[in-house]
Amino acid sequence: MEEKNFICTACPMGCKLIVRMEGDEVVKILGHRCRKGETYGRQEAIAPQRMLASTVKVPNGFHPLLPVYTKGSIPKQRISEVLEKIRAIEVTAPIKAEDVIIPNVIGTGVDVIASRDMPAKN
Amino acid sequence: MQEKYDYIVIGGGVVGAMIARWLSRYEGKLLLIEKEADIGMGCSSANTAIVHAGYDPLPGSLKALMNVKANPMWDQLAGELNFPFERRGDYVVAIGEEELPLIHKLMDQGIKNGVPGMRMLDAAEMRSRERDINPETSGALWATTGGICDPFQVTVAAAENAVINGATVLLNTKFEDFIWEGTRVIGVKTNRGDFFARWVINSAGIYSDAVMHKAGVRPEFIIKPRKGEYFIFDRAEVQIHNVLFPVPSSRGKGILVTGTLHENTIVGPNGNVIDDKEDTSMTKEGMDELLDGAKKLIPSLNLRHSIANFVGLRPMGNGPCYTPGINYNNDYVIEVPSSVQGFVNLGGIESPGLTSAPAIAEMVVDLMKDAGEEFVEKKDWDPIRPGRPRFAHMTHQERKLLCDMDPRYGRVICRCENVTEGEIVAEIHAPVPARTYDAIKRRTWLGTGRCQGGFDMPRVVAILTRELGVTPFEISKRGESSEYLFRPTKDLEVSDVN
Amino acid sequence: MLIKKQYDVVVIGSGPGGLAAAIEAKKGGADDVLVIERDVELGGILLQCIHNGFGLQTFKEDLPGPEYAQRYINEARALGITFLMDTMVMDVTSQRKLYLTSQDFGYIEVDAHAIVLAMGCRERTRAQVRLPGYRPNGVFTAGTAQRWVNVEGYMPGNKFVILGSGDIGMIMARRLTFEGAHVERVLEIQSYLSGLSRNYVQCLDDWGIPLQLQYTVKRILGKDRVEAIEAVAVDDRWNFIPGSEEIIPCDTLLLSVGLIPENELSKKAGVLLDPVTGGPFVDEHFQTNVPGIFAAGNVVHVYDLVDWVSLAGAEAGRSAAEFALAEKDRSARYIPLVPGKNVRYIVPHKLDKKALEKGDISLQMRVTKPIEEDVWMEVHGEENSIVRRSERYVRPGEMVTIVLKPKMAAEVEKAGRLTVDIYPKSEA
């Protein structure tokens, strides 16, 4: 049996969760004070997810960087891979907020989209 | 940039700049070399900014002579060079009855030195002059000829006037050795090449001992740095208008509480002698000392309202008293040594060095005349160094006219101190140019307010990048090795995240 | 673009507080709404907060800062609100006159019927002041570093130590790590986390960045550039615990030690500040003690969620519009009282036409010269007479009074100005 400890982020309270696992299965969740916490604990133990935000080069843009984010959460373990993909590309202005920058990034089913409008320089 | 000059001044502090200004009046090619990225980066920009009345130095010392001679020169100088200067008078405040004899003694000393305009105040008068003064005050010496200035502006103004009159100022140029012809100095070796001159003047501040030793002059003369730490207070919270001295001790004039021409109040300096000439660090012990000293004069002063601190190293020398027979061995050395030709030697120009600078410059010229130099006044010598507009101090109408004249003055870069892009650009292209953030800060007072540069820093870096035509990675705070930016966000030198 | 001399509502700052205020002011009936922004584009601090966490309440979505701002910017543009960017407000008076300066327009004056202060806050640098050591380059507030990394596109260091476990510090710890830098440590002087625990999990714990509670910086090492910091443990009273010192090599120290509402302009306008919050005293409409000057957002007190800032901004904007419209209405009702023949001055100088409905208004005046015979004293509009009274003489030494009565209100209503003439009956 394995015990994992997490601080819940479902709400600002930050309950300290204990999740007991047998292999890949969750056996017990302790420390939560609501249903959302239970859900969070389960997810975090089996397949933790995160939202990701970063910036992309836009050489002809009003600013040299365009802020982007994942429209949905991605597996925590694959964050570095996604950051690599984001680092490797350049985009061209003008861009509109929510334009898709990288569709279905590394097969996660989640798009990386623009966080704001970015006009071209001048 | 040529190699042959008539005069070379080593050191771009206030004394070196003032000497250059005085020499630039005469025919002859003049070079001032300064090892840092800007002039005045030594104690010329880290002092109490006071133009002393002259009661403090020992009668018979060169310090006393220079101080009292120089003090009345400041009004004309401020008018010609257009730097901020005000005669506010200063107070030496006695706390408790036991300190009264000390300020009387100070007044007697002042009279001996020839200081005009001094008066004794009783306790009630002192309390009426300064509302928050320690209620235990027993009286004060009030010296009406005391003044305050912006010492860095003085340094810049003097250097710029020299440049306007044909002098060359080389920054990032460090003296390494003299070039000789027998016992005559004929030039200097620097990290940027050799320069020749008929006269070389040693005005190297804290390193003046090392320079004179290279000329074989006064091997027994040693400079020890005396560290002076200071606090600056938020002008919105603390408004001391007066210049308040405590009673002096053997360690010096003591920890002052004084207003400044930027309307900030400053507290300092303490006076601990250290070994390291590069140690401008602020210490915890120093901070405690400053607070104790400040509270002696103004008990209500609260450190919570401080917004910045700075440290200056005063070049304390062991020069003998100018008047022989007086037992005093911290006097100025200002001489044309007999053992070496073509060399003017200065050493140990600590307080009242800022005050004395114009008199010292005059003395240097006189010494050179006595040694046979025949000066010919330039027909087109211009004593005036024009001031530059300060948006922060202008009325609404003046600001409107300024913006109409040059739209860059409409763009405020430092919000706390109201410094505009027009002013920053003017300093970058001034006769003695500002090339680093701190250089601009010293000239415009930008970044010294509540946010301490938090808002203006990225914008100033961008303006410097543009105006100097360099990459942003070359912009520094105070010269090489103090750059701001390492690389573009998305370019990795080494590999990745995990 | 033509800048008007007078606006109904002027909003200072285009962050979330300012944008929400401007939108609601416009929707609330204010025709001329002006937003003044010191940066080159709209959005305020949100533009550099590229991480998620914004909009959960407002939009029921988890958005990054710039997108949250973009939604408001789009709406404000669509409503025809006027924007002045790269423009600094130099002064605001209690009479709601603003002095602005910009490269494009120079130095200009603008009057406002109502003002909303939305200048946000600045970062505390005080810790920087009382840190012994040198003052090398490489000591920045977290927000300044954030601006460089996210907007300008530069890394201000490679190896970081962060002082303060505020949200900005933790967010930057993750951000810097994402861009290939190394964050060695986060030091927090209190015994508890300063920011949200979610940020501890997602910014520090996820990335193995150590957090040390009850630790602070004792000394900064390095003369030209930071070379290391000396960390030290503290007790509950923030006293250093001797022997706990540790030198942490780094090239940058980021400070995340608190936010201070930015109220220099507020003070200039005579707005009273609460020393506890650092922001103006406000009522439930976010009006300050100065009539017609409202304040919303971090300029009032430091918020935790931007969604509440937008709500506050909306309320302030709505109230500002209401005030502006009432003010406009009132100014339109004023007419001047003009000294005519032989009259030197009249007090009051102007009167509110509506006020006459409620009661008498006395006009007091003095004549320019003595007239020692019967005189008429007449109050008239441009085309109608309001009242005429006779006196046996008038002299400069004696004050003259004419009373306007409510029954005259209908006639007064027709006039754009009232003139008082005093002349001998023999000249009539």
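Residues numbered from 1 in each chain as written. Chains lettered and ligands numbered in written order. Predicted model: local features only at pLDDT ≥ 70, side-chain atom pairs only at ≥ 80, totals over all residues. Heavy atoms only, no water.

Here we look at the nonpolar core
- Ranked by size, the top nonpolar core spans 73 residues in total, and within it A:Leu66, A:Ile101, B:Ile424, B:Tyr484 and C:Leu176 carry the most contacts.
- Among all residues touching A:Leu66, those that are not within four sequence positions of it are A:Ser54, A:Thr55, A:Val56, A:Val58, A:Val91, A:Ile95, A:Ile101, A:Ala114, A:Arg116 and A:Met118.
- Formed by 55 residues, the second largest nonpolar core is a distinct cluster that contains B:Ala70, B:Phe85, B:Val156 and B:Val169. (Core = buried A, V, L, I, M, F, W, Y, C linked by side-chain atoms within 4.5 Å. Buried < 20%, exposed > 50% of the residue type's maximum accessible area, 1.4 Å probe, protein only. Contact = heavy atoms within 4.5 Å.)

Examining the sheet that holds strand S1 (residues 2-7) of chain A
Residue and element names in this part refer to chain A.
- Strand order in the open sheet made by the 3 strands is S1-S2-S3, with antiparallel pairing throughout. Each edge of the open sheet is held by one strand with a lone partner, namely S1 and strand S3 (25-30). Across the sheet, the mean angle separating the axes of adjacent strands is 25 degrees when strand polarity is ignored.
- Sheet analysis places S1 next to strand S2 (residues 16-22), joined by 6 bridges and oriented antiparallel. Across the sheet, Ile7 pairs through a bridge with Lys16, a residue of S2.
- Each of S1, S2 and S3 touches helix H1 (residues 35-46); the most contacted strand, S2, lies at about 50 degrees to it. (Pairing = 2+ DSSP bridges. Helix = DSSP H or I, 4+ residues; strand = E, 2+ residues; numbered from the N terminus. Axes fitted to C-alpha atoms, helices over the stretch in contact; angles between N-to-C directions.)

Re the packing of helix H1 (residues 14-23) of chain B against helix H9 (residues 353-370) of chain B
Residues and elements named next belong to chain B.
- For the pair H1 and H9, the least separation of the axes is 8 Å and the interaxial angle reads 45 degrees. The angle between the axes of H1 and H9 places the two elements in the oblique class. Between H1 and H9 the crossing geometry is right-handed. Between H1 and H9, the residues in contact are Val14, Val15, Met18, Ile19, Trp22 and Leu23 and Gly353, Leu354, Ala357, Pro358, Ile360, Ala361, Glu362, Val364, Val365 and Met368, respectively.
- Residues that form the contact of H1 with H9 fall into these classes: 14 nonpolar, 1 polar and 1 charged. (Parallel < 35°, antiparallel > 145°, perpendicular 65-115°, else oblique. Left-handed = near helix turned anticlockwise from the far one by under 90°. Nonpolar A, V, L, I, M, F, W, Y, C, P; charged D, E, K, R; others polar.)

Concerning the interface of chain A and chain C
- With 29 residues of chain A in contact, the opposing surface of chain C contributes 31 residues.
- A buried area of about 2400 Å², summed over both sides, lies between chain A and chain C, and 54% of it is on carbon and sulfur atoms.
- The tally of links between chain A and chain C comes to 6 salt bridges.
- A:Lys71 is paired through a salt bridge with C:Glu61; the nearest N and O atoms lie 3.6 Å apart.
- Of all the secondary structure elements, the ones that give two or more residues to the side of chain A that touches chain C are strand S5 (53-57), strand S6 (65-70) and helix H2 (79-88) of chain A.
- Grouping the amino acids of the side of chain A that touches chain C by side-chain chemistry returns 16 nonpolar, 6 polar and 7 charged. (Buried area = accessible area lost by both parts, 1.4 Å probe. Salt bridge = Lys/Arg side-chain N within 4 Å of Asp/Glu carboxyl O.)

Observations concerning the interface of chain C and chain B
- At the interface, 50 residues of chain C touch 60 residues of chain B.
- With both sides pooled, the region where chain C packs onto chain B buries about 5000 Å², and carbon together with sulfur makes up 53% of that total.
- When the area that chain C buries against chain B is broken down by residue, the three leading residues are C:Gln103, C:Tyr107 and C:Arg135, summing to 15%.
- Seen at the junction of chain C and chain B, the total is 6 salt bridges.
- Here B:Arg459 ties to C:Asp39 by a salt bridge, and the two come within 3.6 Å at their closest N and O atoms.
- Linking chain C to chain B there are 24 residue pairs in polar contact (both at pLDDT 80 or more).
- Broken down by element, the residue count for the side of chain C that touches chain B peaks at 5 residues, all from helix H4 (residues 142-152) of chain C.
- The class makeup of the residues in the side of chain C that touches chain B is 19 nonpolar, 13 polar and 18 charged.
- Of the pairings in the sheet, the one linking strand S24 (residues 487-488) of chain B to strand S9 (residues 154-155) of chain C comprises 2 bridges and is antiparallel in character. Looking across to S9(C), one finds that B:Pro488 is bridged to C:Tyr154. (Polar contact = N/O pair within 3.5 Å; in protein donor to acceptor, adjacent residues only side chain to side chain.)

A closer look at helix H6 (residues 151-164) of chain B
All names here are of chain B.
- Spanning 14 residues, H6 covers 20 Å between terminal C-alpha atoms, matching the ideal 20 Å at 1.5 Å per step.
- Across the 14 residues of H6, 12 count as buried, placing the element largely inside the fold.
- For H6, the elements touching its buried residues are H1, helix H3 (74-81), strand S8 (147-149), H9 and helix H12 (437-444).
- The positive-phi residue at the C-terminal boundary of H6 is Gly166, with phi of around 105 degrees. (Expected span 1.5 Å × (residues − 1).)

Observations regarding the packing of helix H5 (residues 167-178) of chain C against helix H6 (residues 197-205) of chain C
Residue and element names in this part refer to chain C.
- Across the interface, H5 lies against H6 with an axial gap of 8 Å and an inter-helix angle of 30 degrees. In terms of their interaxial angle, H5 and H6 are classed as roughly parallel. Both H5 and H6 take part in a crossing whose hand is left-handed. Judged by residue contacts, Asp167, Met170, Ile171, Ala173 and Arg174 of H5 engage Asn199, Tyr200, Gln202, Cys203 and Leu204 from H6.
- Broken down by class, the residue content of the contact of H5 with H6 amounts to 6 nonpolar, 2 polar and 2 charged.

Focus: the confidence of the model for chain C
- Looking at chain C as a whole, the pLDDT averages 95, with 99% of positions reaching at least 70.
- We note a pTM of 0.90 for the whole complex and an ipTM of 0.93 for its interfaces. (pLDDT = per-residue confidence, 0-100.)

Some details on helix H2 (residues 65-78) of chain C
Residues and elements named next belong to chain C.
- With 14 residues, H2 ought to run about 20 Å at 1.5 Å a step, and its terminal C-alpha atoms sit 20 Å apart, in line with that.
- Those residues of H2 that sit buried are Gly65, Pro66, Glu67, Tyr68, Ala69, Gln70, Tyr72, Ile73 and Ala76.
- Gly80 sits one or two residues past H2 and shows a positive phi near 80 degrees.

Considering the side chain of B:Arg390
- With respect to the helices and strands, B:Arg390 occurs in the loop between H9 and helix H10 (396-405).
- In terms of polar contacts, B:Arg390 uses its side chain to reach the backbone carbonyl oxygen of B:Arg443, at 3.0 Å.

Regarding the pairing of strand S16 (residues 252-255) of chain C
Residue and element names in this part refer to chain C.
- Side chains Thr252 and Leu254 of S16 all project onto a buried face; the interleaved residues Leu253 and Leu255 project onto the opposite face, where all are buried too.
- Bridge analysis of strand S8 (residues 139-141) against S16 gives 3 bridges, and the strand direction is parallel. Residue Val139 lies in a different strand from S16, and its bridge partner there is Leu253.
- As judged from the 4 bridges shared by strand S10 (residues 159-163) and S16, these two strands associate in the parallel manner. Following the sheet pairing, Ile162 is matched in S16 by Leu254.

Some details on the packing of aromatic side chains
- Enumeration according to the criterion identifies 22 aromatic pairs over all chains in this entry.
- On the numbers, 5.9 Å between centres and 75 degrees between planes, the contact of B:Phe391 with C:Tyr107 is edge-to-face. Taken together, the residues span two chains, with B:Phe391 in the loop between H9 and H10 and C:Tyr107 in strand S6 (residues 106-117). Comparing B:Phe391 with C:Tyr107, the two get one shared label, buried.
- Seen in terms of ring centroids, C:Phe59 and C:Tyr72 are 6.0 Å apart; in terms of plane orientation they differ by 65 degrees. Their pairing is edge-to-face. Separated by 13 residues along the polypeptide, C:Phe59 in the loop between strand S2 (33-36) and H2 and C:Tyr72 in helix H2 bring together distant segments of the chain.
- Taking the relative accessible area as the measure of exposure, C:Tyr72 reaches 12% and is therefore buried. (Phe/Tyr/Trp six-rings, centres within 6.5 Å; stacked < 30°, edge-to-face > 60°.)

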